[in-house]
Amino acid sequence: MSAINSPLEIYKLLNKSNCQKCMLPSCMAFSVAVVQGGKQLKDCPELDAQVIESLGVPENPRKTIEDEQQISLNKMIQKVAEVNFSSVAEKLGGIVNHNKLAINCLGKDFFIDNSGEMTSECHYNQWVHIPLLNYIIHGQGKEISGEWCPFNELKGAASWSRFFAHRCEEDLRQLADAHTDLFFELLNMFAAQEVAKTDADYSLVIYPLPKLPLVIHYWMAEDDFPSKMSIFFDRTAPDNLNIEYIYTITRGIIEMFRQLIVKHNMTGKLF
Ligand code: SF4
């Protein structure tokens with residue numbers, strides 16, 4: 001049914017109050033979650049049951065996000081078995097060690113073997129595993145150009161840019177606002193480095209993958225001006241990682257930050 005495959009079609013059904021009773025920050029976030037399988041229409045208590053019924057939506061219409069991720073992972077595991085690690089290591093910024101390809105993500109080494117298994121000193125993180133395999137299989141290993149641009153100006157980003165603005169930049173801004181000191185401590189923990197002076201209060205570069213740097217620009221709230229967050233990428237980013245996985249790995253970093261903030265802040269709460 002087309003109505004359930006498009007976030008905009010779902011959004012039109014909602015009352016747009018952003019009341020958060022569905023445990024998501026907004027009606028648009030809910031619409032995206034329904035399409036991705038993480039929520040069902042009935043999870044919005046404001047939506048009339050008759051509307052849901054009239055759409056004929058089955059009880060469990062889509063696979064969960066975890067199911068979809070597992071399917072993607074299985075496909076990539078098959079493909080990585082065909083990759084000659086020695087011939088791709090240098091262009092990807094990795095090294096081969098004991099038949100495993102070592103790739104540095106956010107200052108920590110992750111190891112991939114030919115069965116696609118990932119090991120590291122960090123906890124397992126599927127948000128990293130899938131983009132990392134994509135980087136190995138499809139990454140062109142283009143040298144970083146030094147030309148920074150916002151996500152929406154990257155090649156192929158058009159259909160992802162609204163989600164990126166909402167689920168990445170906006171969510172990251174809220175974390176930085178609510179836990180400023182801890183937020184920057186975490187960035188330091190992940191080997192963030194200052195970039196040349198910009199007009200932002202903070203401009204830090206991190207490397208989710210060796211040839212996929214991103215710059216976080218953060219302006220703190222001041223007087224009547226709200227805070228602002230922008231994430232910039234090197235112009236070559238889509239040559240080194242499919243745009244979908246640039247979104248996925250950025251989102252994964254934010255999820256990781258959320259978990260670490262809950263674990264390390266005094267209240268044990270996110271907000
Ligand atoms: S509960 Fe419904 S109306 Fe409220 S934010 Fe979620 S989707 Fe929007």
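Near the ligand you find 13 residues, and of these Asn15, Cys19, Cys22, Cys27 and Cys44 are the closest. More than half of the atoms of the ligand fall within 2 Å of the grid points belonging to the largest cavity. Here the shell around the ligand is built from residues that sort into seven nonpolar, four polar and two charged.

With that settled, consider the sheet that holds strand E3 (residues 108-112). Judged by pairing direction, the sheet is antiparallel, and its four strands sit side by side in the order E1-E2-E3-E4 without closing on themselves. Edge positions in the open sheet fall to strand E1 (95-97) and strand E4 (118-120), since each of these has one partner strand only. Neighbouring strand axes in the sheet, compared pairwise and without regard to direction, differ in orientation by 35° on average. As judged from the three bridges shared by E3 and E4, these two strands associate in the antiparallel manner. Paired with Ile112 across the bridge in E4 is Met118.

Below, the discussion takes up the sheet that holds strand E9 (residues 228-234). Strand order in the open sheet made by the five strands is E5-E9-E8-E7-E6, with antiparallel pairing throughout. Of all strands in the sheet, those with a lone pairing partner are strand E5 (148-150) and strand E6 (193-194), marking the two edges. Where strand E8 (residues 212-219) lies against E9, six bridges are found, and the strand directions are antiparallel. Paired with His217 across the bridge in E9 is Ser230. Strands in contact with helix H8 (residues 180-189) are strand E7 (202-209), E8 and E9; relative to E7, the strand with the most contacts, it is inclined by about 45°. Together, E7, E8 and E9 form the strand contacts of helix H10 (residues 243-264), whose direction differs from that of E7 by roughly 115°.

Scanning all chains against the criterion turns up 13 salt bridges. Between Lys12 and Glu9 there is a salt bridge, with its nearest N and O atoms 3.0 Å apart. Residue Lys12 and its partner Glu9 are located together in helix H1 (residues 7-13), separated by three residues, close to a single helical turn. Judged by relative accessible area, which is 33%, Glu9 ranks as partly exposed. The shortest N-O distance in the salt bridge between Arg235 and Glu153 comes to 4.0 Å. In this pair, Arg235 sits in the loop between E9 and helix H9 (237-240) while Glu153 sits in the loop between E5 and helix H7 (161-178), placing the two residues 82 residues apart along the sequence. Note on Glu153: relative accessible area 47%, which makes it partly exposed. Within this structure, Arg167, Asp171, Arg251, Glu255 and Arg258 form a network of salt bridges that share partners.

Basis of the calculations
Residues numbered from 1 in each chain as written. Predicted model: local features only at pLDDT ≥ 70, side-chain atom pairs only at ≥ 80, totals over all residues. Heavy atoms only, no water. Near = heavy atom within 4 Å. 1 Å grid on protein atoms, 1.4 Å probe; cavity = no way out; pocket = protein on both sides within 12 Å on 5 of 7 lines; lining within 4 Å. Sits in = over half its atoms within 2 Å of the grid points. Nonpolar A, V, L, I, M, F, W, Y, C, P; charged D, E, K, R; others polar. Pairing = 2+ DSSP bridges. Helix = DSSP H or I, 4+ residues; strand = E, 2+ residues; numbered from the N terminus. Axes fitted to C-alpha atoms, helices over the stretch in contact; angles between N-to-C directions. Contact = heavy atoms within 4.5 Å. Salt bridge = Lys/Arg side-chain N within 4 Å of Asp/Glu carboxyl O. Buried < 20%, exposed > 50% of the residue type's maximum accessible area, 1.4 Å probe, protein only.

That is the geometry; function is a separate question.
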